[in-house]
Amino acid sequence: MRSPFTCPLPSLRRLVRILALSLLTVPATASDVFVDPVLGSDTTGNGTASAPWKSLTHAVTTLPAGVPTVHLAAGTYDASTGEAFPLLLPLVDGLTIRGAGPGSTTLINPTLQQALQFNSIGSSQQNGFTFTVEGLTFDGSAVRGDASFSGLGIVMRDCVVRD
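As the structure is a prediction and not an experimental result, all values here were calculated from the model. (Residues numbered from 1 in each chain as written. Predicted model: local features only at pLDDT ≥ 70, side-chain atom pairs only at ≥ 80, totals over all residues. Heavy atoms only, no water.)

Draft legend 1. Summary view of a nonpolar patch on the surface. Side chains of Ile 154, Met 156 and Val 161 sit close together on the surface and give an oily, nonpolar patch of about 270 Å² of accessible area. Considering the arrangement of structural elements, one finds Ile 154 in strand β10 (residues 153-157). (Patch = residues over 30% accessible without salt bridge, like charges linked within 9 Å, V, L, I, M, F, W, Y side chains within 5 Å. Areas by Shrake-Rupley, 256 points an atom, 1.4 Å probe, with all protein chains shown as cover. Salt bridge = Lys/Arg side-chain N within 4 Å of Asp/Glu carboxyl O. Helix = DSSP H or I, 4+ residues; strand = E, 2+ residues; numbered from the N terminus.)

Written as structure tokens, this is what we have:
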């Protein structure tokens, strides 16, 4: 007779796997936007997980109000997928652009312009503004930044920059 306090090893392994995956996965909210360079479409997509947009360029020009996170699926984002550099990012406080990981999500910018640029037109909110980019590789970018705003909190986390 098996003791009621023993746990079969395969069940324990499965539980540990499920817990580990849930800790690694950042949950999306209903207002998040999704981009996929392979399965997405800038014409027929709507930015949801089931109908993502194709390009980050399109996503940042059509962000609905209050979008906290733009999720980039694994893949390569470049001119062939509709990217136009520099990417003009709106000053939306708390905006996060999250890739699938620096080895999985790559922005290829062959131009001599910076990859990302903040668009402050019509914005009165600059002090205390925070913006996060995480889980991306910037490849071929002329990486540079302009410190034209005081009080900007720009965070780059888990990113790789290659020239």
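Draft legend 2. The sheet that holds strand β11 (residues 160-162), seen in detail. Strand order in the open sheet made by the 4 strands is β3-β6-β9-β11, with parallel pairing throughout. Strands at the two margins of the open sheet, each flanked by one partner only, are β3 (75-77) and β11. Neighbour-to-neighbour, the strand axes of this sheet turn through a mean angle of 20°, independent of strand direction. Here 3 bridges tie strand β9 (residues 137-139) to β11, and the two strands are oriented parallel to one another. Within the sheet, the bridge partner assigned to Asp 139 lies in β11 and is Arg 162. (Pairing = 2+ DSSP bridges. Axes fitted to C-alpha atoms, helices over the stretch in contact; angles between N-to-C directions.)

Draft legend 3. Region of interest: the pattern of salt bridges. Counted under the stated rule, the structure contains 3 salt bridges. Between Arg 98 and Glu 134 there is a salt bridge; the shortest N-O distance is 2.4 Å. Taken as a pair, Arg 98 in strand β5 (residues 95-98) and Glu 134 in strand β8 (residues 130-134) lie far apart in primary sequence, 36 residues in all. Glu 134 matches Arg 98 in its accessibility class, with the two residues each being buried. Its salt-bridge partner being Arg 157, residue Glu 134 comes within 2.9 Å of it at the nearest N-O pair. Here the residue Glu 134 occupies a position in strand β8, and Arg 157 occupies one in strand β10, the gap between them amounting to 23 residues. With relative accessibility at 45%, the residue Arg 157 sits in the partly exposed group. It is possible to trace a salt-bridge network through shared partners that takes in Arg 98, Glu 134 and Arg 157. (Buried < 20%, exposed > 50% of the residue type's maximum accessible area, 1.4 Å probe, protein only.)

Draft legend 4. Fine view of the nonpolar core. Among the nonpolar cores identified, the biggest contains 23 residues, and Leu 56, Val 70, Leu 72, Ile 97 and Leu 107 are the most heavily contacted of them. Contributing elements (two or more residues each) for this core: β1 (33-35), α2 (56-61), β2 (69-72), β4 (87-90), β5 and β8. If you tally residues by element for this core, the top one is α2, at 3 residues. Sequence-distant contacts of Val 70, defined by excluding residues within four places in its chain, comprise Val 33, Val 35, Leu 56, Ala 59, Leu 63, Leu 95, Thr 96, Ile 97 and Arg 98. (Core = buried A, V, L, I, M, F, W, Y, C linked by side-chain atoms within 4.5 Å. Contact = heavy atoms within 4.5 Å.)

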